[in-house]
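# A closer look at the structure
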Amino acid sequence: MADTYEVAVEKSKKIEADILVNPKKYRVLTGDRPTGRLHIGHYFGSLQNRVRLSKLGVPTCILIADYQVLTDHDAFSEISQNTKQLVIDYLAAGLVPSDDVIIYPHSYVPECNQLMLPFLTLVTNAELSRNPTVKEEIQAAGLKSVNAGMYTYPIHQACDILFCKGNIVPVGKDQLPHLELTRLIARRFNEKFSPNAPVFPEPEALLSKTPSIIGLDGTQKMSKSRGNAIMLSATEDETAKLIKKAKTDAERFITYDPENRPEVANLLMLISLCTGEKPEEIAARIGEGGGGMLKNTLTEALNEKLRPLRAERARLEQSPDYIRQVLLTGASKAREMAITTLNEVRHVMNMEI
Ligand code: TRP
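What counts, and at which threshold
- Residues numbered from 1 in each chain as written.
- Predicted model: local features only at pLDDT ≥ 70, side-chain atom pairs only at ≥ 80, totals over all residues.
- Heavy atoms only, no water.
- Core = buried A, V, L, I, M, F, W, Y, C linked by side-chain atoms within 4.5 Å.
- Buried < 20%, exposed > 50% of the residue type's maximum accessible area, 1.4 Å probe, protein only.
- Helix = DSSP H or I, 4+ residues; strand = E, 2+ residues; numbered from the N terminus.
- Domains from an automatic or database assignment.
- Right-handed = clockwise from strand over helix to strand, strands pointing away.
- Pairing = 2+ DSSP bridges.
- Polar contact = N/O pair within 3.5 Å; in protein donor to acceptor, adjacent residues only side chain to side chain.
- Axes fitted to C-alpha atoms, helices over the stretch in contact; angles between N-to-C directions.
- Parallel < 35°, antiparallel > 145°, perpendicular 65-115°, else oblique.
- Contact = heavy atoms within 4.5 Å.
- Nonpolar A, V, L, I, M, F, W, Y, C, P; charged D, E, K, R; others polar.
- Buried area = accessible area lost by both parts, 1.4 Å probe.
- Salt bridge = Lys/Arg side-chain N within 4 Å of Asp/Glu carboxyl O.
- Near = heavy atom within 4 Å.
- Areas by Shrake-Rupley, 256 points an atom, 1.4 Å probe, with all protein chains shown as cover.
- Expected span 1.5 Å × (residues − 1).
- Left-handed = near helix turned anticlockwise from the far one by under 90°.

## Quick notes on the nonpolar core
By size, the foremost hydrophobic cluster in this structure holds 48 residues, and its most contacted members are Ile40, Tyr90, Ile103 and Leu302. Breaking this core down by element, the ones donating at least two residues are helix 2 (40–55), strand 2 (60–64), helix 4 (79–93), strand 3 (101–105), helix 12 (262–275), helix 13 (279–286), helix 14 (290–317) and helix 15 (320–348). A domain split of this core shows at least three residues from each of domain 1 (2–210 + 320–348) and domain 2 (224–317). Counting residues in each nonpolar core, the second largest holds 42 residues, with Ala8, Cys164, Leu181 and Ala334 among its members.

## Section: the pairing of strand 2
Regular strands place side chains that alternate from one sheet face to the opposite one. Across the 5 residues that make up strand 2, a large majority, 5, are buried. At this point the chain moves from strand 1 (residues 28–32), through helix 2, to the parallel strand 2, and the crossover so formed is right-handed. Examined bridge by bridge, strand 2 and strand 3 share 5 bridges and lie parallel to one another. Residue Thr60 lies in a different strand from strand 3, and its bridge partner there is Val101.

## As for the side chain of Thr71
Tracing the sequence through the fold places Thr71 in helix 3 (residues 66–72). Judged by its relative accessible area of 5%, Thr71 falls in the buried class. Separated by 2.7 Å, the side chain of Thr71 and the backbone oxygen of Gln68 make a polar contact.

## Quick notes on the packing of helix 4 against helix 15
How two helices pack is summed up by the angle between their axes together with the distance between the axes. Running from amino to carboxyl end, helix 4 crosses helix 15 at an angle of 90°, the nearest separation of the two axes being 10 Å. Looking at the two axes, helix 4 sits roughly perpendicular to helix 15. Of the residues in helix 15, those in contact with Thr83, Lys84, Val87, Ile88 and Leu91 of helix 4 are Tyr322, Ile323, Val326 and Leu327. When grouped by side-chain class, the residues that make up the contact of helix 4 with helix 15 number 7 nonpolar, 1 polar and 1 charged.

## Description of the domain arrangement of the protein chain
Entries for the protein chain in the domain assignment read domain 1 (2–210 + 320–348) and domain 2 (224–317). Relative placement of domain 1 and domain 2: their C-alpha centres are 31 Å apart. Taken together, the 19 residues of domain 1 in the interface contact 17 residues of domain 2. Summed over both sides, the interface of domain 1 with domain 2 buries roughly 1600 Å², with 69% coming from carbon and sulfur. Our count for the contact surface shared by domain 1 and domain 2 stands at 1 salt bridge. When the shortest N-O distance is used, the salt bridge between Arg313 and Asp89 registers 2.7 Å.

## Overview of the site of the ligand
Taken together, the neighbourhood of the ligand is formed by Leu29, Thr30, Gly31, Arg33, Leu63, Ala65, Gln68, Gln157, Asp160, Ile161, Val169 and Gln175. One of the side-chain nitrogen or oxygen atoms of Gln157 is found 3.0 Å away from a nitrogen atom of the ligand. For the ligand, whose accessible area on its own is 360 Å², the fraction buried by protein is 88%. Among the elements of the structure, strand 1 and helix 9 (148–162) are those that each provide at least two residues to the shell around the ligand.

## Focus on the pattern of salt bridges
Scanning the entire structure with this criterion turns up 24 salt bridges. Its salt-bridge partner being Arg307, residue Glu236 comes within 2.7 Å of it at the nearest N-O pair. Here the residue Glu236 occupies a position in helix 11 (residues 236–244), and Arg307 occupies one in helix 14, the gap between them amounting to 71 residues. Its relative accessible area of 31% is what places Glu236 among the partly exposed residues. Salt-bridge contacts for Arg261 lead to Glu251; the nearest nitrogen and oxygen are separated by 3.9 Å. Residue Arg261 is located in the loop between helix 11 and helix 12, and its partner Glu251 is located in the loop between helix 11 and helix 12; the two are separated by 10 residues in the primary sequence. A relative accessible area of 4% means that Arg261 is categorised as buried. A relative accessible area of 48% places Glu251 in the partly exposed class.

## Structural notes on helix 9
Each full turn of the α-helix corresponds to 3.6 residues, which orients residues three or four apart in the same direction. A rise of 1.5 Å per residue sets the reference length of helix 9, with its 15 residues, at 21 Å; its end C-alpha atoms lie 21 Å apart and thus fit the reference within 8%. Helix 9 sits mainly inside the fold: 12 of its 15 residues count as buried. Residues of helix 9 that are buried include every one of Met150, Thr152, Tyr153, Pro154, Ile155, His156, Gln157, Ala158, Cys159, Asp160, Ile161 and Leu162, and no others. Sitting at the head of helix 9, Asn147 places a side-chain oxygen 2.9 Å from the backbone nitrogen of Gly149.

## What about the pairing of strand 3?
Counting buried residues in strand 3 gives 5 out of 5 residues, a clear majority hidden from the surface. By the alternation rule, side chains of strand 3 split into Val101, Ile103 and Pro105 and Ile102 and Tyr104, which are all buried.

## Section: the side chain of Glu263
Among the structural elements, Glu263 can be located in helix 12. Here Glu263 is in contact with Gly218, Lys247 and Thr248, once residues within four sequence places are set aside.

## Quick word on the packing of helix 9 against helix 10 (residues 176–193)
Running from amino to carboxyl end, helix 9 crosses helix 10 at an angle of 70°, the nearest separation of the two axes being 9 Å. Taken together, the axis directions place helix 9 and helix 10 in an arrangement best described as roughly perpendicular. As for the relative orientation of helix 9 and helix 10, their crossing is right-handed in sense. Between helix 9 and helix 10, the contacting residues are Tyr153, Pro154, Ile155, Gln157, Ala158, Ile161 and Leu162 on the first element and His178, Leu179, Leu181, Thr182, Ile185 and Ala186 on the second. The residue inventory of the contact of helix 9 with helix 10, partitioned by class, reads 10 nonpolar, 3 polar and no charged.

This is the structure in structure tokens:
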């Protein structure tokens, strides 16, 4: 696994360099499950990167994985609302929908979902049950019984990526097993049905450079369900209150020491992500100022950084028709691509009538 990760990091670097020269050679496909609003961990970890890639001119498909919510959640009453909140977060963060930048829920792209049927036949049960990310999710959700959607959603994720021939997928480490499966499916499909003219690319991961952001409790990854996150939609006062409660340590003098002082280092890192200054320099400036000054500095930096995004967010909240239109336009463009791909797939599988 360590090897795979190192290889993925190296490949990511090469692709990053090539994107600057040939942005149109690539298509980014990535997405989120509509389980709630996004927090600053999403913003610094992936959202900013998506905005950057789309501004470099890389065609970008952002998929809202509504079916995936059903794999480990019983509740589905809020899927539609959460989908719209995600779009608001995306747009407020700077994604600009266009012919090349589309946002859509996968339940609105039937031809993408239809790829599932041939793809299911290219993967074995054993391969599905050893997926480490799926295993972790089953554990984390404490599922007593596991539905077949849970085991098979990584195949569905391959449909998400391959229907538009996405060839770069900006993801975190946890998604690498899914991407590996997508590559396997693409390879097996091409070998079996179209050995002389591959239908699908084997997509590559683009790993984020931002280290994973720890929550305000200082121990685990930032996540809404763990109650340790600052939402993009939080007010400036809410942000200040959350940061006041953030865990630090007993030592007064502030230093940047990720190994021995992970909580303090995390807060310094967040300031650094807002201001661009190095965490060591910020620590040196605060020094004797202690935890109080560290928290005040972060509150100010974060509120200032997010002010334009939050203003835009509030404006977009007032335009539900526009948000819906963004999704419908995205879905219709996605469908065009999916129909073309499905026709190609039918052709190579000798199913045309
Ligand atoms: N599984 C991803 C998550 O949990 C969401 C997702 C669905 C996705 N389809 C995708 C990510 C395709 C990248 C590419 O966050």
